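Below are the chains, spelled out letter by letter.
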Amino acid sequence: MPQPFAPGSPPAAGSVVTAGPWGWRIGLLRTQINAGWWLSIWLPFVLGVGIAGTFALVCARWQAAGLVPWVWTGIGVALAATAAAAWFIARSRFESQASAQVLLEDALGLHARLSAAAVGVGPWPTPPADLSRRWPVAWRWGRPVGLVSLVAAMLTAAAIMPVASARGLARQVIEKPTDAAVVERWVDSLRKEQAIDEHSAESIEQKIDDLLQRPRDRWYEHASLEAAASLREQTAADIAALSRTLAEAAAAASAVSRSMDEKPTDLSSAEQNAAAAAALESALAALAAGPMQAGQDATTKGQQAGRSPEQAKALAAALRENANRLRRALAESEEFDLTTLATCESDCDGCQPCGTCAACRAGRPCASACDACKAAGRLAGKGGVSRGPGSAPLTFTERESRVATRPEQVAQQVDPERAAAGEVLEVIDGGDEPEVAPFEGPQAGGAVADPGRGGAAARIDNLLPAEQDSVRRFFSR
Amino acid sequence: MPTTTDAAAAASPPQITEDEARGAAASVAHLRRVLGGVLFGQDDLIDMVIVGLLARGHILLEGLPGLGKTELVKGLARALDLANKRVQFTPDLLPGDITGNPVLEEADGRRRFTFHQGPVFTNILLADELNRASPKTQSALLEAMQERSVTGMGQTHPLPRPVVGLATQNPSELEGTYPLPEAQLDRFLFKLDVPGADVDTLERIVLDREIGVAPDVARVFDAAGLEALLDLVRRVYMPVPVANFIARLVAGTQPGAATAAGVKFGASPRAALALAAASKARGLAAGRINAAYEDVRAVAAPVLRHRVVLDYAARLEGLTTDRLVTRLLEAIPAHDSALPTSLAAAKV
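Given the structure is predicted, the values throughout are model-derived calculations rather than measurements. (Residues numbered from 1 in each chain as written. Chains lettered and ligands numbered in written order. Predicted model: local features only at pLDDT ≥ 70, side-chain atom pairs only at ≥ 80, totals over all residues. Heavy atoms only, no water.)

### Brief notes about the overall build of chain A
Keep this limit in mind: Strands here mean DSSP runs of E at least two residues long; helices mean DSSP runs of H or I at least four residues long; both are numbered from the N terminus. Residue burial is assigned from relative accessible area. The probe radius is 1.4 Å, only protein chains are included, and a residue is buried under 20% of its type maximum, exposed over 50%, and partly exposed in between. Only heavy atoms enter the contact rule, under which two residues are in contact if any of them lie within 4.5 Å. In this description, accessible areas are obtained by the Shrake-Rupley approach with a 1.4 Å probe, and a residue is regarded as covered only by the protein chains that are shown.
When helices and strands are counted, chain A shows 16 helices and six strands. Out of the 477 residues belonging to chain A, those deemed buried represent 37%. In chain A, the proportion of contacts linking residues at least 24 apart, taken out of those at least 6 apart, comes to 65%. In the structure as shown, chain A presents an accessible area of about 26,900 Å², 58% of it carried by carbon and sulfur atoms.

### Details of a nonpolar patch on the surface
Residue and element names in this part refer to chain A. Here is the rule: Residues enter a patch when their relative accessible area is above 30% and they make no salt bridge; the linking distance is 9 Å between like charges and 5 Å between nonpolar side chains (Val, Leu, Ile, Met, Phe, Trp, Tyr). In what follows, salt bridge is the name for a side-chain nitrogen of Lys or Arg lying within 4 Å of a carboxyl oxygen of Asp or Glu.
On the surface, F45, W87, F88 and I89 cluster together to form a nonpolar patch covering roughly 410 Å² of accessible area. In terms of residue count, helix α2 (residues 68–90) provides more of the nonpolar patch than any other element does, three residues in total. Note that F45 resides in helix α1 (residues 23–63). Assessed through its relative accessible area of 33%, F45 is described here as partly exposed.

### Some words on the side chain of H157 of chain B
By the secondary structure assignment, H157 of chain B is in strand β7 (residues 155–158). With residues up to four places along the chain from it excluded, the contact list for H157 of chain B reads F115, F121, S149, V150 and G152 of chain B.

### Section: the environment of A281 of chain B
For A281 of chain B, the position within the fold is in helix α11 (residues 269–285). Setting aside residues up to four positions removed in sequence, A281 of chain B forms contacts with V51, L54, A55 and V233 of chain B.

### Some words on unusual backbone geometry
All names here are of chain B. Cis geometry marks the peptide bond from R161 to P162; its omega dihedral reads -10°. Looking at where P162 falls in the secondary structure, it is placed in the loop between β7 and β8 (164–169). For E129, which is not glycine, the phi torsion reads 50° and is therefore positive. Examined against the element boundaries, E129 turns out to sit in the loop between β5 (124–128) and α6 (135–147). A positive phi angle, near 60°, is found at R148, a position not held by glycine. Within the element layout of this structure, R148 appears in the loop between α6 and β6 (149–152).

### Re the packing of α1 of chain A against helix α3 (residues 97–107) of chain A
Residue and element names in this part refer to chain A. Note the threshold: The convention used is that axes are lines fitted to C-alpha atoms, helices contributing only their stretch in contact, and that angles between N-to-C directions extend from 0 to 180 degrees. Here the angle decides the label: under 35 degrees means roughly parallel, over 145 means roughly antiparallel, 65 to 115 means roughly perpendicular, and every other value means oblique.
Contact geometry of α1 with α3 gives a least axis separation of 9 Å together with a crossing angle of 100°. Of the possible angle classes, the one that applies to α1 and α3 is roughly perpendicular. Counting all contacts with α1, which are made through G23, R25, I26, G27, L29, R30 and I33, the residues of α3 involved are Q97, A100, Q101, L103 and L104.

### Describing the sheet that holds β5 of chain B
All names here are of chain B. Formally: By this definition, two strands are paired if DSSP reports at least two bridges between them.
Judged by pairing direction, the sheet is parallel, and its five strands sit side by side in the order β2-β5-β8-β1-β9 without closing on themselves. Of all strands in the sheet, those with a lone pairing partner are β2 (84–88) and β9 (190–193), marking the two edges. Recorded for the sheet is a direction-independent mean angle of 20° between the axes of neighbouring strands. In the sheet, β5 pairs with β8 via four bridges, with the strands oriented parallel. Following the sheet pairing, A127 is matched in β8 by A167.

### Description of the nonpolar core
To keep things clear, this is the line we draw: As used here, the term nonpolar core means buried Ala, Val, Leu, Ile, Met, Phe, Trp, Tyr and Cys residues forming a set that is joined through side-chain atoms within 4.5 Å.
If you look at the biggest cluster of nonpolar residues, it comprises 86 residues, and the most contacted ones within it are L31, L54, L166, F190, L284 and L304 of chain B. Counting residues in each nonpolar core, the second largest holds 43 residues, with L190, A195, A228 and A329 of chain A among its members.

In structure tokens:
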């Protein structure tokens with residue numbers, strides 16, 4: 001009796017034996033179906049490997065070109081491994097010889113003659129002439145070929161498309177604007193030498209940070225460069241102002257020390273002593289009100305009240321040492337003009353003109369002044385702390401305007417030299433409103449003398465000096 | 001290449017020779033031609049009746065009156081030189097009127113009961129309008145035909161061989177009828193619908209027939225010849241994959257199967273046997289030594305249409321058993337395993 005037929009399983013021994021001229025055809029059909037199962041499971045793996053391989057290739061070419069051969073090897077290994085895994089998974093669905101035989105005899109209309117002949121009932125049927133046309137299955141090439149082509153295209157694109165290496169990108173790191181970097185170096189040096197107090201250093205660093213908050217690709221725009229240049233100029237001016245104030249305060253402290261050592265002989269001497277003390281207080285006040293504060297030592301000694309001669313001398317030394325630290329901190333910087341710093345390096349008397357020597361009478365530096373003071377030409381009587389209008393408070397005024405419908409409120413700092421870095425010199429309540437109707441200029445006899453447009457001058461003035469020179473050269477031809 | 005093993009040779013299946021198959025096919029073809037001269041334009045019906053006859057099954061014919069059912073049975077009986085009887089079933093028909101009755105007879109001064117055979121004792125019985133008889137009478141007839149014997153007064157009386165019952169029922173005028181229950185329907189091998197005649201057939205009937213005159217029917221073979229043919233059918237080989245196909249088809253009608261939506265009761269194992277027998281008969285009629293998938297598909301509807309009971313909702317939706325069988329054959333291929341999507345079953 002025939003054994004129970006189990007589709008998809010091999011025929012029971014002794015019951016169904018495929019043979020004869022149909023054996024290889026049944027085997028071919030079985031192989032075709034099994035290959036189809038294997039492909040249908042493997043193709044998604046191929047797509048996954050293709051995507052991962054594409055990503056890995058691009059990353060390898062970007063990070064390290066030496067890894068590219070390894071990536072290709074990995075892709076090949078992954079394809080082989082997934083092919084084996086797909087075969088293992090598809091194995092449970094593989095077609096048996098008996099099942100393929102049923103499919104073939106049913107499709108060809110052989111009236112189950114193969115199954116009968118396989119067990120010895122009747123002869124093997126003759127293969128029909130149109131066997132290939134009536135073959136039970138056909139490949140759907142679209143999906144596998146399309147998918148493999150897609151993966152190949154992805155890998156090819158990943159292999160040949162231009163990819164900038166990470167090293168190249170590293171060389172293209174956008175450096176900080178030169179002026180901002182210079183100011184940073186100045187602040188680092190000043191902090192290292194303790195030439196300024198920490199608060200002043202942090203204030204400058206905050207301004208640098210504000211400047212660099214903008215996107216990197218906009219660091220080198222005109223406005224950014226101008227702001228950085230302005231910060232550098234302002235910082236340099238603040239340092240120079242601090243240096244001068246320190247020198248003036250040191251000279252005043254030395255004068256006070258000397259006057260306290262000498263016993264007042266007359267009323268004028270007493271007045272001179274009082275004047276020296278007042279000059280010291282004024283200098284210290286200017287030092288405290290300045291945009292940049294001196295170092296901790298000088299500041300501490302300057303805050304001591306009721307000085308003794310020794311304290312005054314120590315104060316003078318501290319102030320002078322602070323000035324020297326300023327110079328030392330900036331000595332290595334090629335960007336800083338050291339000549340802008342006060343240069344009094346000693347406790348010289350001559351920094352205060354005596355008024356009696358020939359040099360004083362001739363209007364030259366006092367003969368008793370130190371060499372540095374003489375070289376710098378910054379001596380008392382030529383812009384000392386007792387000169388000028390004194391403190392320069394911020395004042396607010398109303399300004400009439402021809403354009404605005406209401407008066408503009410303006411804050412003015414009348415002493416630009418004492419303005420802190422970034423301090424608002426002028427605030428105008430109004431925007432940039434170029435004239436809609438251009439100014440036609442003076443007319444004489446119907447001829448237009450100046451057909452300039454409104455706002456043109458402002459835009460020209462905003463150009464950098466070098467750019468202005470270029471514009472001038474261009475229009476001078 | 002592997003060859004048939006010794007074990008296979010030892011367990012060689014019953015088989016017929018190609019010559020025997022060809023001879024049987026020639027006889028069947030002759031019978032088909034003869035019956036074609038009796039009943040015009042009903043070749044498919046004639047084929048199925050012959051297949052049912054060869055499969056030793058009883059056939060339920062459903063069709064309107066006057067379509068030639070009785071003529072077909074008479075023609076079949078004459079062609080096979082078999083006895084035939086016709087019984088018009090009515091509600092007052094008793095079981096004994098079919099199977100026979102014991103009659104008290106006096107002979108030689110002694111009285112005794114003698115069993116008088118009923119009309120079921122024939123080779124071909126036409127039970128006209130079977131659904132008009134009471135269930136008791138229907139059951140008696142069908143039981144006798146199923147068992148191929150009648151038991152009365154403790155004695156078993158075998159029916160003549162071969163015996164084939166052809167019952168008819170009218171799909172209209174159902175008032176006062178007793179529809180056959182599923183258990184009785186299951187005893188019929190086939191349920192065949194007798195279609196109406198088309199114009200060409202009617203024209204041929206008008207030209208060649210006359211009311212009250214029976215057509216001449218040539219004798220094809222006798223009862224012994226038919227028995228030999230029936231024996232050949234039993235020896236037609238049933239390949240294992242074909243048997244598997246039959247089994248999956250019948251299992252596919254069971255409620256709960258994916259292909260049996262709307263089915264209340266599925267086909268019984270007897271249906272599987274009927275499919276196998278009919279497939280073998282059809283295979284032999286086609287001159288083959290084995291049954292084939294095509295044979296199973298051809299006889300699936302006549303075998304299954306009266307064995308599957310649809311639920312109420314499915315009937316309301318217009319589902320019929322014929323459509324269910326069609327759906328079943330589409331869903332269940334001979335090859336019982338899926339094909340990969342990358343390899344389309346382009347020609348299967």
